[in-house]
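Below, each chain spelled out in residue letters.
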Amino acid sequence: MNTIDSRTDYELVMAYQNGEQQVFKTLLERHQQKVYNYIISLVKDKALADDIFQDTFIKVINTLRSGTYHDEGKFIQWVMRIAHNLVIDYIRKNQKFRMVYSNDEYNVFDVMNHPDLTKEDEMIKDQIYKNIRFLIKQLPKEQRRVLVMRHYADMSFKEIAEKTGVSINTALGRMRYALINMRRLAEENSMSLSMK
């Protein structure tokens, strides 16, 4: 007999998505201490940690109910990432940051190197860099190549076109799609790419 407690996270998530509401309690009990301890270690405030913990699991429930969660055997890592991003969002909303805009739109690569960065600012900036590296790895090869040449090698689109053997318009198009795909992937993965 397969009891609720003996089921894997994946089995519980599938059961919950198939209408077995009671299994969520098991998922919550299984992971709540780890998630809560992580949040409180970052915010150092019990009331705030309670709020962020609750918001984390509300987001988890909403995502599971909407059917947009794709299990890759990493349920707890996904929950921890949501908690982490909610902490970052809280810090961001309660601090003043300078923004860098490019063509009236935030450019994910324009994270400021400000001399007065606080510990929280540094934490946010480090997370943005990690998020960007993760997203770049998910891009199709052609888009990834153009993006790396443009932002890391500081090459012009003319140079990129010559180096890759495509037209300037194709290079520009690949860059545009790379940024669109990164934003889409960031949303799907609950990742934040801005310092605001």
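About the criteria used
- Residues numbered from 1 in each chain as written.
- Predicted model: local features only at pLDDT ≥ 70, side-chain atom pairs only at ≥ 80, totals over all residues.
- Heavy atoms only, no water.
- Helix = DSSP H or I, 4+ residues; strand = E, 2+ residues; numbered from the N terminus.
- Buried < 20%, exposed > 50% of the residue type's maximum accessible area, 1.4 Å probe, protein only.
- Contact = heavy atoms within 4.5 Å.
- Areas by Shrake-Rupley, 256 points an atom, 1.4 Å probe, with all protein chains shown as cover.
- pLDDT = per-residue confidence, 0-100.
- Salt bridge = Lys/Arg side-chain N within 4 Å of Asp/Glu carboxyl O.
- Expected span 1.5 Å × (residues − 1).
- Bend = angle between axes of the 7 residues up to and from the residue.
- Phe/Tyr/Trp six-rings, centres within 6.5 Å; stacked < 30°, edge-to-face > 60°.
- Arc of directions from axis to C-beta.

Let's talk about the overall build of the protein
In terms of regular secondary structure, the protein is built from eight helices and two strands. N-terminal to C-terminal, the α/β element order of the protein is α-α-α-α-β-β-α-α-α-α. Scored against the burial criterion, the 196 residues of the protein give a buried share of 41%. Of the contacts formed within the protein by residues at least 6 apart in sequence, a portion of 58% connects residues at least 24 apart. For the protein, the accessible surface area stands at approximately 11900 Å², while carbon and sulfur atoms represent 49% of it.

Here's the deal with the confidence of the model for the protein
Confidence in the prediction of the protein, expressed as mean pLDDT, is 80, and 83% of residues score 70 or more. Residue range residues 96-107 is modelled with pLDDT below 50. Its contacts to residues more than four positions away, or to other chains, number 24 contacts. Per-residue pLDDT stays below 50 along residues 110-115; that stretch engages in 14 contacts with residues further than four places along the chain or on separate chains.

As for the environment of V148
Tracing the chain through its elements places V148 in helix α6 (residues 141-151). Accessibility expressed as a relative area gives 34% for V148, which makes it partly exposed. Considering only alpha carbons, one finds V148 and M175, 27 residues apart in sequence, at a separation of 9.6 Å. Apart from the residues lying within four places of it in its own chain, the contact partners of V148 are I136 and A153.

Description of the pattern of salt bridges
Under the definition given, this model contains six salt bridges. With a shortest N-O distance of 2.8 Å, D9 and R30 are connected by a salt bridge. Residue D9 is found in helix α1 (residues 9-17), and its partner R30 is found in helix α2 (residues 23-43); the two are separated by 21 residues along the sequence. With relative accessibility at 17%, the residue D9 sits in the buried group. Residue class for R30 comes out partly exposed when judged on its relative accessible area of 32%. The salt bridge partner of E188 is R184, with a shortest N-O separation of 3.1 Å. Pair noted here: E188 and R184 are both in helix α8 (residues 168-188), with a separation of four residues, about one helical turn. Judged by its relative accessible area of 51%, E188 is exposed.

Here we look at α2
The terminal C-alpha atoms of α2 lie 29 Å apart, and with 21 residues this matches the ideal 30 Å at 1.5 Å per residue to within 8%. Along α2, the sharpest kink reaches roughly 50°, centred on H31. Listed as buried for α2 are V23, F24, T26, L27, H31, V35, Y36, I39 and V43. Two residues or fewer after α2 comes K44, characterised by a positive phi angle close to 55°.

With respect to the packing of aromatic side chains
Evaluated as defined, the whole model comprises seven aromatic pairs. A centroid spacing of 5.0 Å and a plane angle of 55° characterise the contact between F53 and F57, whose relative ring orientation is tilted. With a gap of four residues between them, F53 and F57 both fall in helix α3 (residues 46-66), about one helical turn apart. Residues Y69 and F75 carry aromatic rings whose centres are separated by 6.2 Å and whose planes lie at 90° to one another, so their mutual orientation is edge-to-face.

Focus on the environment of Y90
Assignment of secondary structure puts Y90 in helix α4 (residues 75-93). In the structure, Y90 is positioned 42 residues away from L48 in sequence and 9.4 Å away in space, judged by C-alpha atoms. Discounting residues that sit within four places of it in the chain, Y90 has contacts with L48 and I52.

Here we look at α8
Given a rise of 1.5 Å per residue, 21 residues ought to cover 30 Å, and the 30 Å separating the end C-alpha atoms of α8 matches this to within 8%. Among the residues of α8, A171, M175, A178, L179, N181, M182, L185 and A186 are the ones counted as buried. All buried residues of α8 lie within an arc of 165° about the axis, which places them on one face of the element. Away from its buried face, by an angle of more than 90 degrees, α8 presents the exposed residues N169, E187 and E188. The positive-phi residue at the C-terminal boundary of α8 is S190, with phi of around 55°.

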